[in-house]
Amino acid sequence: MAATSSPNRALRILMRKDVLSGLVFAGIAILALWLGQNFRIGTAVRMGTGYVPRLVAYALLGLGLLTLVKGLITPEEDDPDAAPIAWRALVAITGSILAFGFALERLGLVVTILIVVGIGSIAVPGQSPWRVLAAGVVLAVTSVLVFVYGLSLTMPVWPVL
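To start, this report covers the structure provided alongside it.

Criteria and thresholds
Residues numbered from 1 in each chain as written. Predicted model: local features only at pLDDT ≥ 70, side-chain atom pairs only at ≥ 80, totals over all residues. Heavy atoms only, no water. Patch = residues over 30% accessible without salt bridge, like charges linked within 9 Å, V, L, I, M, F, W, Y side chains within 5 Å. Areas by Shrake-Rupley, 256 points an atom, 1.4 Å probe, with all protein chains shown as cover. Salt bridge = Lys/Arg side-chain N within 4 Å of Asp/Glu carboxyl O. Helix = DSSP H or I, 4+ residues; strand = E, 2+ residues; numbered from the N terminus. Buried < 20%, exposed > 50% of the residue type's maximum accessible area, 1.4 Å probe, protein only. Expected span 1.5 Å × (residues − 1). Contact = heavy atoms within 4.5 Å.

### Topic: a nonpolar patch on the surface
Next, step 1: Taken together, the side chains of Leu114, Trp130, Leu133, Val137, Val141, Leu145, Val146, Phe147, Tyr149, Leu151 and Leu153 make up a nonpolar region of the molecular surface, amounting to roughly 1100 Å² of accessible area.
Next, step 2: Considering every element that reaches the nonpolar patch, the biggest residue donor is helix α5 (residues 129-150), with eight residues.
Next, step 3: One can find Leu153 in the segment after α5.
Next, step 4: We classify Leu153 as partly exposed; its relative accessible area is 39%.

This is the structure we're talking about:
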């Protein structure tokens, strides 16, 4: 009887959220490292096309491995299906990412970030509109300072008319 329970236990461990998330993160990171292996890396001062993608892939791999280990050593929950899917947050965050992609070139960085923060705030009910606006303004100003002035990236700051 022990032989039949072992595959079930292994499957239950594999189906834990943290274990699956860690495997997905690590898998994506390994795929990114493999696909970007021919990109020039360069140095921190003179970055090549593969520098930042490789850095992000290594960070994702580390996060994936940490999540995987956490999932393996954490005691099993009573009912892993008991937690409902947070549809509101899933739709709001996905919508804000899509809005960023579609709006940046037309509306500029400042307006796009304000829209993205507004859509993302729907994920948590009961947010104060003033706090959301303040977070959007701080994030927009910081993004303009870092990306436009600090890194000299070419992107519209204001709507293109």
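This is not the end of the story, as more comes after the structure.
### Description of helix α3 (residues 51-73)
Side chains that are three or four residues apart share a direction in an α-helix, a result of its 3.6 residues per turn.
Next, step 1: Over its 23 residues, α3 runs 33 Å from end to end, which matches the ideal 33 Å to within 8%, given 1.5 Å per residue.
Next, step 2: All of the buried residues in α3 are Ala57, Leu61, Gly64, Thr67, Leu68 and Gly71.
Next, step 3: Residues of α3 that are buried sit in contact with α2 (17-35).

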